[in-house]
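Summary of the model geometry
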Amino acid sequence: MDELIYAPATALAKAIRTKAVSSTEVIDAYLRRIEAVNPRLNAIVQLTADTARAEARAADAALARGESTGPLHGVPLTIKDNIETAGVTCTAGTKGRATLVPTQDAPVVARLRAAGAIVLGKTNMPELGLAWETDNLLYGRTNNPYDVRYSPGGSSGGEAAIIAAGGSPLGLGTDLAGSIRHPAHCCGVAGIKPTSGRVPRTGHFPGPGGVTQPLVQTGPLARFVEDLTLTLPLIVGVDWRDPSVVPMPLGNPKTVELTQLRAAFYTDNGIAPPTPEIAAVVRAAAQVLADAGVSVEEARPPGIEQTYELYLGLLGADGGAGLHKRLQLIGTTEIHPLIQQAVELLGPYARSTTEFLELMMTVDLVRSSLLAFMETHEILLCPVNAYPALPHGRAWEHLPAFSYTVTYNFTGWPAAVVRAGTSREGLPIGVQIVAQPWREEVALAVAQHLEAAMGGWQRPPL
């Protein structure tokens, strides 16, 4: 079974397509693994086993007739619980949606199904995705597969945990402030936040819109970078619902010449110094690129130290009133303590209209300064977080540590994460690879090289 549940999705797809293995065998192997590990992880909160088995049988029958639905024909995956799935409860971790069953798939889910993918289930997250650890009043806490005393991160923590543990080969997460990249770092898997405007957010809850709409994106997580490269092209592009999506061509990582790249790296963003181990991993990754012929310099974009407070200013400009209203509209009257802390955090950032307009001018000036730096750098390497995975319940104590991912929601640039080291506690350490706007293929090519050179995902002792 191990050769199935730990194989890349690309290898599974090929094996199914060539009939070396059936989709039914693959689905059964993953369902057995979920049965074995999920009681300790609590990562999958809605398991669609019967539907998945029926779809696998249909996929095998189609291949027997010489028919294939696409590059993921018969391949299983999982979906974060704030992305709508037809006929499957979609709670976004909040009590007001405890029984909500969408009637249609979000476009990103529909596109993966159209490519032949089979959904195994929905994965856990903090309430409304508003915390950097995964716990809520509906489903409880998700544990890290490398050490259950630690958090898998958030908000796509359930997704990263089940993928790392071999319960799913790949899945979809969402990223408002690091919610794909931080769990990837904590659980030792790969993930990418695409450029703002690359992937439609239709069917994502809470729905995008307003001043903060550019901050959130949907993207894939997987154990292997090659599976991000396989999945991303399937979910991008205009859906005629999300007005932010730009029909920008997506490049191919195979065409990227590393020796033509100019990279900068920094280990300290001026907001939260990282642990020595994390700084060492980033330096080692930079050396790997230099050894591959990349032009590398140690440099930090000017103004980056302002991005954390400006980001919080954007989210909290209404003092949390919008969040209160949203909870009221969906009927949530009891919220998790993690979300209560988020509400309390936003309160002091309330602004008058004049103050908000001044904030927006400052935001644009800082974004412009950061963009100017990227004119001469195709790649930025930096930490994902100042710490590896934290013990449960400790994220809010170390809030500035999460500024390393927040910066690139603030800019909207694409950013990938791949495992590149291990902490003294035996926890994964990821490195963040940031590219110029719309250059996801560059981030993925660099991530693929670092994965090959530095080990990438390692099987957890679960």
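Up top you'll find the structure we're talking about.
I will try to describe carefully the structure that is included in this document. Bear in mind the structure is a predicted one, so any value in this text is a computation, not a measurement.

**A look at helix H15 (residues 440-454)**
In this model H15 runs 21 Å from its N-terminal to its C-terminal C-alpha over 15 residues, within 8% of the 21 Å that 1.5 Å per residue would give. Among all positions in H15, only Glu440, Glu441, Val442, Ala443, Leu444, Ala445, Val446, Ala447, Leu450 and Glu451 are buried. Taken together, the buried residues of H15 touch strand E5 (190-193), helix H8 (225-235), helix H9 (276-291), strand E9 (379-383), strand E10 (415-422) and strand E11 (428-435). Following H15 by one or two positions, Gly455 adopts a phi angle in the positive range, close to 105°.

**So, the pattern of salt bridges**
Tallied over the full model, the rule gives 18 salt bridges. The closest approach of N and O atoms between Glu55 and Arg113, which form a salt bridge, is 3.8 Å. With a gap of 58 residues between them, Glu55 in helix H4 (residues 49-64) and Arg113 in helix H5 (residues 107-114) connect regions that are remote in the sequence. Given a relative accessible area of 25%, Arg113 falls into the partly exposed group. With a closest N to O distance of 2.7 Å, Glu334 and Lys95 form a salt bridge. Of this pair, Glu334 sits in the loop between helix H11 (321-330) and helix H12 (337-346) while Lys95 sits in the loop between strand E2 (76-80) and H5, and the two are 239 residues apart along the sequence. Glu334 sits in the partly exposed class, given a relative accessible area of 41%.

**A few points about the sheet that holds E9**
Read from one edge to the other, the open sheet built from 11 strands follows the order E1-E3-E2-E4-E6-E5-E10-E11-E9-E7-E8, with strand pairing classed as mixed. Since the sheet does not close on itself, it has two edges, and those belong to strand E1 (44-47) and strand E8 (295-298), each with one partner. Within this sheet the neighbouring strands show an average axis-to-axis angle of 25°, counted without direction. Of the pairings in the sheet, the one linking E5 to strand E6 (residues 217-222) comprises two bridges and is antiparallel in character. Across the sheet, residue Gly191 finds its bridge partner in E6, namely Leu221. Relative to strand E3 (residues 118-123), H4 is tilted by about 160°, and along the sheet it contacts E1 and E3. Sheet strands touched by H15: E5, E9, E10 and E11. Its angle to E11, the strand with the most contacts, is close to 150°.

**So, the packing of aromatic side chains**
Per the stated rule, a full pass over the model turns up five aromatic pairs. Among the aromatic side chains, those forming a connected cluster through ring pairs are Tyr6, Phe224 and Trp457. Arg97 extends its terminal NZ or CZ atom over the ring of Phe205, reaching a point 3.9 Å from the ring centre. Positioned over the ring face of Trp457 is Arg223, at 5.5 Å from the centre of the ring.

**Focus: the packing of H9 against H15**
Running from N to C, H9 and H15 point in directions that differ by 105°, and their axes come no closer than 10 Å. With respect to H15, the element H9 is oriented roughly perpendicular. Each of Val281, Ala284, Ala285, Val288 and Leu289 in H9 lies in contact with H15, whose residues at this interface are Val446, His449, Leu450, Ala453 and Met454. Its residues placed into classes, the contact of H9 with H15 shows nine nonpolar, one polar and no charged.

**With respect to the packing of helix H3 (residues 23-41) against H4**
Relative orientation of the contacting elements H3 and H4 amounts to 160°, with a least axis distance of 8 Å. Taken together, the axes of H3 and H4 are roughly antiparallel relative to one another. Residues Ser23, Thr24, Ile27, Asp28 and Leu31 of H3 lie in contact with H4, whose contacting residues are Ala49, Ala52, Arg53, Ala56, Arg57, Ala59 and Asp60. Along the lines of polarity and charge, the residues of the contact of H3 with H4 split into six nonpolar, two polar and four charged.

**So, the pairing of E8**
The pairing of strand E7 (residues 262-265) with E8 spans four bridges and is parallel. Bridge pairing links Ala264 to Glu297 in E8. A crossover connection joins E7 to the parallel E8 through H9; in handedness this β-α-β unit is right-handed.

**A word on the side chain of Asn82**
Structurally, Asn82 is set in the loop between E2 and H5. Separated by 3.3 Å, the side chains of Asn82 and His204 make a polar contact. Those residues in contact with Asn82 that sit more than four places away from it in its chain are Cys90, Ala92, Met125, Thr174, Gly203, His204 and Phe205.

**Quick look at the state of the cysteines**
For the structure shown, the criterion picks out zero disulfides. As a non-bridged cysteine, Cys186 has Cys187 as the owner of its nearest cysteine sulfur, 6.2 Å distant. Overall, the relative accessible area of 1% leaves Cys186 in the buried class. Assessed through its relative accessible area of 0%, Cys187 is described here as buried.

**Here we look at H3**
Taking 1.5 Å per residue, 19 residues should reach 27 Å; H3 reaches 25 Å between its end C-alpha atoms and fits that length. If you look at H3, its biggest bend is around 35°, right at Glu35, and the proline Pro39 turns up within four residues after that. Of all the positions in H3, only Ser23, Val26, Ile27, Ala29, Tyr30, Leu31, Arg33, Ile34, Val37, Asn38 and Leu41 are classed as buried. One or two steps after H3, the chain reaches Asn42, where phi turns positive at roughly 55°.

Thresholds, definitions, all that
- Residues numbered from 1 in each chain as written.
- Predicted model: local features only at pLDDT ≥ 70, side-chain atom pairs only at ≥ 80, totals over all residues.
- Heavy atoms only, no water.
- Helix = DSSP H or I, 4+ residues; strand = E, 2+ residues; numbered from the N terminus.
- Expected span 1.5 Å × (residues − 1).
- Buried < 20%, exposed > 50% of the residue type's maximum accessible area, 1.4 Å probe, protein only.
- Contact = heavy atoms within 4.5 Å.
- Salt bridge = Lys/Arg side-chain N within 4 Å of Asp/Glu carboxyl O.
- Pairing = 2+ DSSP bridges.
- Axes fitted to C-alpha atoms, helices over the stretch in contact; angles between N-to-C directions.
- Phe/Tyr/Trp six-rings, centres within 6.5 Å; stacked < 30°, edge-to-face > 60°.
- Lys NZ or Arg CZ within 6 Å of the ring centre and 35° of its normal.
- Parallel < 35°, antiparallel > 145°, perpendicular 65-115°, else oblique.
- Nonpolar A, V, L, I, M, F, W, Y, C, P; charged D, E, K, R; others polar.
- Right-handed = clockwise from strand over helix to strand, strands pointing away.
- Polar contact = N/O pair within 3.5 Å; in protein donor to acceptor, adjacent residues only side chain to side chain.
- Disulfide = S-S within 2.5 Å.
- Bend = angle between axes of the 7 residues up to and from the residue.

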